[in-house]
Each structure stands twice: as C-alpha cells, then as structure tokens.
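# Architecture and fold: a report
If you want the building blocks of each chain, they are given just below.
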Amino acid sequence: MSGSLDTGTLACDALDGAITAIAAAGCETPRLDAEVLLSHVLGVGRERLLTDRELTVRGPAVRAFQNAVRRRAVEREPVAYIVGSRGFRRLDLTVDHRVLIPRPETELLVEVALSLPRGVRVLDVGTGSGAVALALKDERPDMHVTGSDLSEEALALARANGERLGLEVEWLRADLLTDVPDEFDAILSNPPYVAESERGSLAPEILRHEPAEALFAGPDGLMAIRALLAQVAARVRVRLVALEVGAGQVPAVMELVCAAGFRAMRAEKDLAGIERVVVGER
Ligand SMILES: C[S@@+](CC[C@H](N)C(=O)[O-])C[C@H]1O[C@@H](n2cnc3c(N)ncnc32)[C@H](O)[C@@H]1O
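## Thoughts on empty space enclosed by the protein
Tallied over the full model, the rule gives 1 cavity of 30 Å³ or more. Of the volumes computed, that of the largest cavity is approximately 30 Å³. Lining the largest cavity are L177, P181, D182, E183, F184, I187, R235 and V238.

## Side note on the packing of helix α1 (residues 11–24) against helix α2 (residues 30–42)
Orientation of α1 relative to α2, taken along the N-to-C sense of each, is 130°, at an axis distance of 8 Å. Of the possible angle classes, the one that applies to α1 and α2 is oblique. Every pair of crossing elements has a handedness; the one defined by α1 and α2 is right-handed. Between α1, through A11, L15, A18, I19, I22 and A23, and α2, the contact on the second element is made entirely by P30, R31, D33, A34, E35, L37 and L38. For the contact of α1 with α2, the per-class residue count stands at 10 nonpolar, no polar and 3 charged.

## Focus on the domain arrangement of the protein
By a widely used convention, the size of an interface equals the accessible area lost when the partners come together. Each domain of the protein was delimited in the assignment, giving domain 1 (9–75) and domain 2 (96–281). Inter-centroid distance (C-alpha atoms) of domain 1 to domain 2 is 34 Å.

## Some words on the environment of A260
Of note, A260 is situated in the loop between α11 (250–259) and β10 (264–269). In the structure, A260 is positioned 15 residues away from E275 in sequence and 20 Å away in space, judged by C-alpha atoms. Setting aside its immediate chain neighbours within four residues, A260 contacts L229, A233 and R282.

Calculation rules
- Residues numbered from 1 in each chain as written.
- Predicted model: local features only at pLDDT ≥ 70, side-chain atom pairs only at ≥ 80, totals over all residues.
- Heavy atoms only, no water.
- 1 Å grid on protein atoms, 1.4 Å probe; cavity = no way out; pocket = protein on both sides within 12 Å on 5 of 7 lines; lining within 4 Å.
- Points joined across faces, edges and corners; volume = space filled by probe spheres on them.
- Axes fitted to C-alpha atoms, helices over the stretch in contact; angles between N-to-C directions.
- Helix = DSSP H or I, 4+ residues; strand = E, 2+ residues; numbered from the N terminus.
- Parallel < 35°, antiparallel > 145°, perpendicular 65-115°, else oblique.
- Left-handed = near helix turned anticlockwise from the far one by under 90°.
- Contact = heavy atoms within 4.5 Å.
- Nonpolar A, V, L, I, M, F, W, Y, C, P; charged D, E, K, R; others polar.
- Domains from an automatic or database assignment.

This is the structure we're talking about:
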C-alpha cells in the first residue's frame, strides 16, 4: 500500500493492493477478506468501501491495515481472529486463539435444539466461544442452558461473551461428562473430530491458528465422540443427543449413538449437503 501519512491512500487503491497480496498467498476469498479487514480498521460498514469513492486510509489506519493484511497473507491467520469477532446465528461473538472459530454448519445444532419442549435443561459439551449455548439461550430463553469445556481459557472467553451479550448461561469446566451433574435432558456437542491422519491436509488457517485440542480426536477422529457417548449411555435422563461430526463419520457415529441406547436416529445435512449432525432420541 503506498501513500504518505499526510494525504493517505484512497480506500479502493488500498483494497486492490490487499486483494493482490491475499490472493497471491493462496487464500480462498481475497476480496471478501480484504474488505472485512479494511472496514474493521476504518470502523465503517463494508458497503461504504464500495460507495464512498473519496474514502481514504490515513494516519494510524495505514499501519493497522498493513499489519492486518500481513497477518492474513503471510501468517494465514483467519479473518475472524484478526478482527476479533464472528457472527453466529443472531449473535456477534468475540473470538481469539483460545477458541475454535464457530462455523456456519454448527448452527444446525441450535436448530435441532429449538424443537425441544419448554423449560428443558440442555448441555453444550465443548462449548468453545460459547456459540451453541449462547445462541440457544438467545433464541429459547425458557431453556436452562449450560456450556462446558475442558479448556479453562475457552470457558473464560465463553463467560465473557455471555456477560457482554446479557445471556444467562451456566459455565462448567469438565472433561466431557465426568463429575457433571446428572440433570440434563439434552446434550449438544461439536466435539473435536479430526483424525490425526488428516493433520497434513488441513488448511494453514486451521492447523497453525486454531487450538489443537479443539480439533483432533485420535487416529480415527472418533475418540471424543466414543468417550462422550459411553458416558451418555448411563444417563437415562438424557432424551436427545445431537453431535456434529466430520464428513463420512455418520455411519460410525450412528452405531455409537445406537449403542448408547438411542433408537430414533437421523442425520441432518449442512448447507453444502454434507450429513453433519447426528441426532438420537429416546
Ligand atoms: C470443535 S471445538 C467446538 C467449539 C464450539 N462448540 C463451536 O462449535 O464453535 C471443540 C471444543 O471441545 C473442547 N474439548 C476438547 N476435549 C474436551 C473434553 N474432553 N471435554 C470437554 N471439552 C473438550 C475444546 O476445548 C473445544 O472448545
């Protein structure tokens, strides 16, 4: 990006330079990334970048934008970590390196839970940023929602998100269901489900920047799901379990859900048509 601190650089020119750098680094959505980063740095909506031909990047914003583009292009840092937030359902969540960036497909877990009766107690296992637990509480305030995680750091961020959004969710540090009170009617989880063998095929955005403990689950990716369902089997109060799974894991997870005592099973597809959430009811 060229231009002096005095006159600055037209936003459209700054944007063009950033798009070129981000595209050259091999990122999939260079224009979108550059627009989101520049609108974040300037504190304006993205539409303003396109409509205001006089908009200029000057002063501290020059360095801030250069730094953001370097993080995206050179370090391959995800845009959500650079800007510090990600939308999920109706919420704007704070995210940082302590947590996985919530994905659109995970919204399916919330959709499944919306059909539960009034007043039920729901546990979101492996809550990360609190995305599922908070979105559910936002859309169904009648439910008693708890989010749990093994990571103290993730829970601190989830709690902060809850406080900022004014949503009353309980937070619990636990290894899956170990020592968790037997009071839940439904369990939702987007657990780690990436097989160790897939490590090499992950995008640098994921491998270098997202927490490994949020991603990997043993040789076949099913370690956490297997352990969770073995615990759920003994919890007869749980009437519904909904688990996000990796592409191709549905048959194996359905077997595990069945072995845990759930009979009515189905798989919900994500927007890409991939079977993504396994639901079991009893
Ligand atoms: C794939 S991330 C999901 C985060 C969040 N629910 C979301 O969808 O954006 C998995 C989460 O499970 C947590 N986790 C990993 N192992 C766990 C365990 N044994 N018990 C509880 N949480 C665990 C990780 O810390 C991480 O926050």
